[in-house]
Amino acid sequence: MTFYSPVITNAKEAAESEKLHLFKYVEDPDQPKVETYEMHGGYQAWKKVLSTMSPAEVIEEVKKSGLRGRGGAGFPTGVKWGFVPKDSTKPHYLICNADESEPGTCKDRVLMERDPHGIIEGMAIGAYAIGCHLMFIYIRGEFGHCAEMMEKVKEEAYARGHLGKNIYDSGYDLDMIVHTGGGAYICGEETSLLNSLEGERGMSRIRPPFPAIAGLYACPTIVNNVESLATVPHVINRGAEWYSSLGTEKSTGTKIFSLSGHVNRPGNYEVELGFSLKKLIYDPAYGNGIRGDRKLKGVIPGGSSTPFLTPDMIDVKLDYESLVEAGSMLGSGAVIVFNEDTCIVWAIKKLIHFYRHESCGKCTPCREGTGWLEKIISRIEAGQGRPGDIEKIEELCENIMGHTVCPLGDAAVMPIQSAIKHWRDEWQYHIDQKKCLVKSEFAF
Amino acid sequence: MILTPESVQRIKDKLAQYPQRKSAVLPALTVAYRQMGHLNDDVYREISQIIGVPTLEIAEAATFYTMFPKQPVGKYLIQVCHNISCSLMGADSLVAYLEDKLGIKKGDTTLDGLFTLICVECLGSCATAPMMQINHDYYENLTPEKVDAILQQLRSEA
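Residues numbered from 1 in each chain as written. Chains lettered and ligands numbered in written order. Predicted model: local features only at pLDDT ≥ 70, side-chain atom pairs only at ≥ 80, totals over all residues.

1. Digging into the overall build of chain B
Here is step 1 of the chain: In terms of regular secondary structure, chain B is built from seven helices and four strands.
Here is step 2 of the chain: Counting from the amino terminus, helix and strand elements in chain B follow one another as α-α-α-α-β-α-α-β-β-β-α.
Here is step 3 of the chain: Looking at the 158 residues of chain B, the share that counts as buried comes to 46%.
Here is step 4 of the chain: Considering only intrachain contacts with a sequence separation of at least 6, the fraction spanning at least 24 residues in chain B is 57%. (Helix = DSSP H or I, 4+ residues; strand = E, 2+ residues; numbered from the N terminus. Buried ≥ 20, exposed ≤ 12 C-beta atoms within 10 Å, placed from the backbone. Contact = placed C-beta atoms within 7 Å.)

As structure tokens, this is what we get:
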């Protein structure tokens, strides 16, 4: 008896839409079967690429589409592929990053559970573009059911000739390994992922060299997010021009937003980039408003590493540029909604505990700084805050920000800095009165 | 030998896939964890024999990854996500409810050895919160009624 609950999606809307594509078939229970995937046009892009396109043409098409990495950084996918040296004699590797663990993010999991062949097809096209003959999917250890699914559909793909030797008589060989991790958030960062895949502790590497030059086993390696790769077959099938007509000028295409926290309909929603955050939270087709008719207190728009927005700021478009302009980031597209009953110190205590726990320990500012921050924030939350604690937190944040090898340090401090900026009075109240301004008591 | 012949074979199959043998460390640890429910020095030695990587390097990797318990746990390892999205949906009260129902505090194991209760970081179940993972399965959108039914079911299966 298990209670895996089907997460809410807007698959119905996607099925009828000319624009949405990632979620078109995610409510079809037969979609993970290779026959169903093929019936829906699956592996046509892979066939087209192998029979009619050169690797350079594939890279050019993806560049023209404007597709940007969906894991958090938003770097253009085609540009990244172009960094792999053309004259290298070493093997090249493509890795699909399925170490989904940014708090609030639960989108890649839906693709693995419900449209896994789309990921394999996207990986295959990416592999061909960079001259790779062995590709990996690195799945977080806790997603055992996703790993089982990917293993199963990988076998199907081999059996139908989509993977293996001399695919579709093209002379191209491609193999795939499904790899599982050990539950470390840091392994979603690409250089830590590489160490982990090599059987080491998941600690970040200093760049340069960048993975595209010296990645897995010191060979040229590209690491792409699940959603980015799942998008690639659609770009190939329908063309870069079609894809770049979706979304905004600089943030093209669609994006899956994981909506969680105090909304009536938490779920995963595929929308065009540039979609209204307010609409995502309040429209009955999406979040359907704040739970229990409470007022909104704040929103984290791009996963727990991105700065808070206050209610007067949510009239913002969900795209890379607009969110930066609003003082936050699109990140992984995980929208976390907080109602007025949330104590901000309590919420930040939860977050800093996470970053302290997940810091790999390599860089002193992150290793020591997150621990120190957790101590101070926990004591404020417990009613034992001292005068000067807020300033001490700010000073610690400044000393972590920009001073670490990988972005985990920055990720830890950005929500804290914004929480102090927006709700400084509430922090001060907590220290002075030795209690919460509002008590976060949420029943389940 | 701690590892069963099936586990050993599974580790060998994994090892055969990789261009470099050390990449099989995490897959091997996963196989061992699935069989034993936890990891220890003895099993690092056995894995070392199978994949040809020094025991120390296996221990070095294993101790980094918190998903693998390093001490024996109850038959059912209850892992409640206490990260932000689940907390907003009542993870704190879920933990209190489980502590009450099991008669233990978080971090402890019931006297009959059936249940260990711990809190873990985000499990990617944010839109189906609150949730818990018991051994390898997810239990999502939890309510007190669902938790009662799950515990009852597990007790009857034990």
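2. Quick word on the overall build of chain A
Here is step 1 of the chain: Helix and strand content of chain A: 17 helices and 10 strands.
Here is step 2 of the chain: Its C-alpha atoms give chain A a radius of gyration of 22 Å, near enough to 22 Å, the size a compact globule of 444 residues would have.
Here is step 3 of the chain: Projected onto the principal axes, the alpha-carbon positions of chain A cover approximately 75 × 50 × 45 Å.
Here is step 4 of the chain: Per-residue burial over chain A gives 58% buried out of 444 residues.
Here is step 5 of the chain: The long-range share in chain A, meaning contacts at least 24 apart out of those at least 6 apart in sequence, stands at 70%. (Rg over C-alpha atoms; globule rule 2.2 N^0.38 Å.)

3. Focus: the domain arrangement of chain B
Many authors give the size of an interface as the accessible area that is lost as the parts come together.
Here is step 1 of the chain: Here chain B is partitioned into domain 1 (5–62) and domain 2 (76–157).
Here is step 2 of the chain: On a C-alpha basis, the centroid separation for the pair domain 1 of chain B and domain 2 of chain B is 29 Å. (Domains from an automatic or database assignment.)

4. Points about helix 8 (residues 144–159) of chain A
Residues separated by three or four positions in an α-helix point in the same direction, a consequence of the helix having 3.6 residues per turn.
All names here are of chain A.
Here is step 1 of the chain: Counted at 1.5 Å a residue, the expected span for helix 8 with its 16 residues is 22 Å, and the 23 Å between its end C-alpha atoms agrees.
Here is step 2 of the chain: Within the span of helix 8, buried status applies to C146, A147, M150, V153, K154 and A157. Seen from one end, helix 8 has its buried residues packed into an arc of 135 degrees, which puts them on one side. Those residues of helix 8 that are exposed and angled more than 90 degrees off the buried face are E155 and A159.
Here is step 3 of the chain: Residues of helix 8 that are buried sit in contact with helix 2 (34–39), strand 1 (92–98), helix 6 (108–114), helix 7 (116–130), strand 2 (132–139) and strand 3 (175–180).
Here is step 4 of the chain: Taken from the residues just after helix 8, G161 is the one with a positive phi, measuring 80 degrees. (Expected span 1.5 Å × (residues − 1). Arc of directions from axis to C-beta.)

5. Looking at the domain arrangement of chain A
All names here are of chain A.
Here is step 1 of the chain: Under the domain assignment, chain A is made up of domain 1 (31–244) and domain 2 (344–433).
Here is step 2 of the chain: On a C-alpha basis, the centroid separation for the pair domain 1 and domain 2 is 35 Å.
Here is step 3 of the chain: Counting from both sides, the interface comprises 11 residues of domain 1 and, opposite them, eight residues of domain 2.
Here is step 4 of the chain: A per-class count over the side of domain 1 that touches domain 2 returns six nonpolar, four polar and one charged. (Nonpolar A, V, L, I, M, F, W, Y, C, P; charged D, E, K, R; others polar.)

6. Some points on the nonpolar core
Residue and element names in this part refer to chain A.
Here is step 1 of the chain: Ranked by internal contacts, the top residues of the largest apolar core, which has 185 residues, are M123, I125 and L280.
Here is step 2 of the chain: Considering each element in turn, this core owes the most residues, 10 residues, to helix 17 (residues 408–433).
Here is step 3 of the chain: Residues in contact with L280, not counting those within four places in the same chain, are F257, L259, Y269, V271, F275, Y286, G287, L318 and V335. (Core = buried A, V, L, I, M, F, W, Y, C linked by C-beta atoms within 7 Å.)

7. Details of the sheet that holds strand 2 (residues 115–120) of chain B
Pairing between sheet strands relies on hydrogen bonds along the backbone, with the strands arranged either parallel or antiparallel.
Residue and element names in this part refer to chain B.
Here is step 1 of the chain: Ordered in space as 2-1-3-4, the four strands form an open sheet in which the pairing is mixed. Because the sheet does not close on itself, it has two edges, and the strands there are strand 2 and strand 4 (137–139). In this sheet, neighbouring strand axes are inclined to one another by 25 degrees on average, regardless of whether the strands run parallel or antiparallel.
Here is step 2 of the chain: Sheet analysis places strand 3 (residues 132–134) next to strand 4, joined by three bridges and oriented antiparallel. Along strand 4, the bridge assignment pairs M132 with Y139. (Pairing = 2+ DSSP bridges. Axes fitted to C-alpha atoms, helices over the stretch in contact; angles between N-to-C directions.)

8. Looking at the sheet that holds strand 4 (residues 221–225) of chain A
Residues and elements named next belong to chain A.
Here is step 1 of the chain: In spatial order, the strands read 3-2-1-4; together these four strands make up an open sheet with parallel pairing. If you trace the sheet from one side to the other, it starts and ends with strand 3 and strand 4, each paired once. Pairs of neighbouring strands in the sheet enclose a mean axial angle of 20 degrees, with direction left out of account.
Here is step 2 of the chain: Two elements, strand 2 and strand 3, share six bridges in a ladder whose sense is parallel. Considered in strand 3, the bridge of M135 is made with M176.
Here is step 3 of the chain: Sheet contacts for helix 7: strand 1, strand 2, strand 3 and strand 4; angle to strand 1, the most-contacted strand, approximately 150 degrees.

9. A short note on the interface of chain B and chain A
Here is step 1 of the chain: Counting from both sides, the interface comprises 51 residues of chain B and, opposite them, 57 residues of chain A.
Here is step 2 of the chain: Only helix 2 (25–36), helix 4 (55–62), helix 5 (84–88), helix 6 (91–102), strand 4 and helix 7 (144–157) of chain B provide two or more residues apiece to the side of chain B that touches chain A.
Here is step 3 of the chain: Of the residues belonging to the side of chain B that touches chain A, the class tally is 27 nonpolar, 18 polar and six charged.

10. Considering helix 3 (residues 44–52) of chain A
Residue and element names in this part refer to chain A.
Here is step 1 of the chain: The set of residues buried in helix 3 consists of A45, W46 and V49. Viewed end-on, helix 3 has its buried residues packed into an arc of 100 degrees, placing them on one side of the element. Facing away from the buried side of helix 3 by over 90 degrees, the exposed positions are S51 and T52.
Here is step 2 of the chain: The elements touched by buried residues of helix 3 are helix 4 (55–65), helix 7 and helix 10 (226–238).

11. Notes on the pairing of strand 3 of chain A
Here is step 1 of the chain: Among the six residues of strand 3 of chain A, five are classified as buried, and the element is accordingly described as predominantly covered.
Here is step 2 of the chain: Taken together, strand 2 of chain A, helix 8 of chain A and strand 3 of chain A form a β-α-β motif whose crossover is right-handed. (Right-handed = clockwise from strand over helix to strand, strands pointing away.)

12. Focus: unusual backbone geometry
Residue and element names in this part refer to chain A.
Here is step 1 of the chain: The linkage connecting R207 with the following residue, P208, adopts the cis geometry, with an omega of 0 degrees.
Here is step 2 of the chain: Mapped onto the elements, P208 comes out in the loop between helix 9 (190–197) and strand 4.
Here is step 3 of the chain: Across the junction of P208 and P209, the peptide omega takes the value 0 degrees, indicating a cis bond.
Here is step 4 of the chain: Position of P209 among the secondary structure elements: in the loop between helix 9 and strand 4.

13. Structural notes on the environment of A:C343
Residue and element names in this part refer to chain A.
Here is step 1 of the chain: Along the chain, C343 turns up in the loop between strand 10 (334–339) and helix 14 (344–358).
Here is step 2 of the chain: Residues C343 and W423, 80 residues apart in the sequence, show an inter-C-alpha distance of 10.0 Å.
Here is step 3 of the chain: In contact with C343, other than residues within four places in its own chain, are C436, L437, V438, K439 and S440.

14. Topic: the packing of helix 3 of chain A against helix 10 of chain A
Residues and elements named next belong to chain A.
Here is step 1 of the chain: Put simply, helix 3 and helix 10 touch, their axes get as near as 8 Å, and they point 65 degrees apart. Taken as a pair, helix 3 and helix 10 cross one another with a handedness that is left-handed. Residues Q44, A45, K48 and V49 of helix 3 form the contact with helix 10, whose own contacting residues are P233, I236 and N237. (Left-handed = near helix turned anticlockwise from the far one by under 90°.)

15. Section: the environment of A:G402
All names here are of chain A.
Here is step 1 of the chain: Residue position: G402 is located in the loop between helix 16 (389–400) and helix 17.
Here is step 2 of the chain: Residue G402 is classed as exposed on the basis of its 11 C-beta neighbours within 10 Å.
Here is step 3 of the chain: Note: C-alpha distance between G402 and D99 (303 residues apart in sequence) is 24 Å.

16. Overview of the environment of A:A214
Residues and elements named next belong to chain A.
Here is step 1 of the chain: Here A214 is to be found in the loop between helix 9 and strand 4.
Here is step 2 of the chain: Residue class for A214 comes out partly exposed when judged on the 18 C-beta atoms lying within 10 Å of it.
Here is step 3 of the chain: Measuring from C-alpha to C-alpha, the distance between A214 and K64 comes to 26 Å, with 150 residues separating the pair along the chain.

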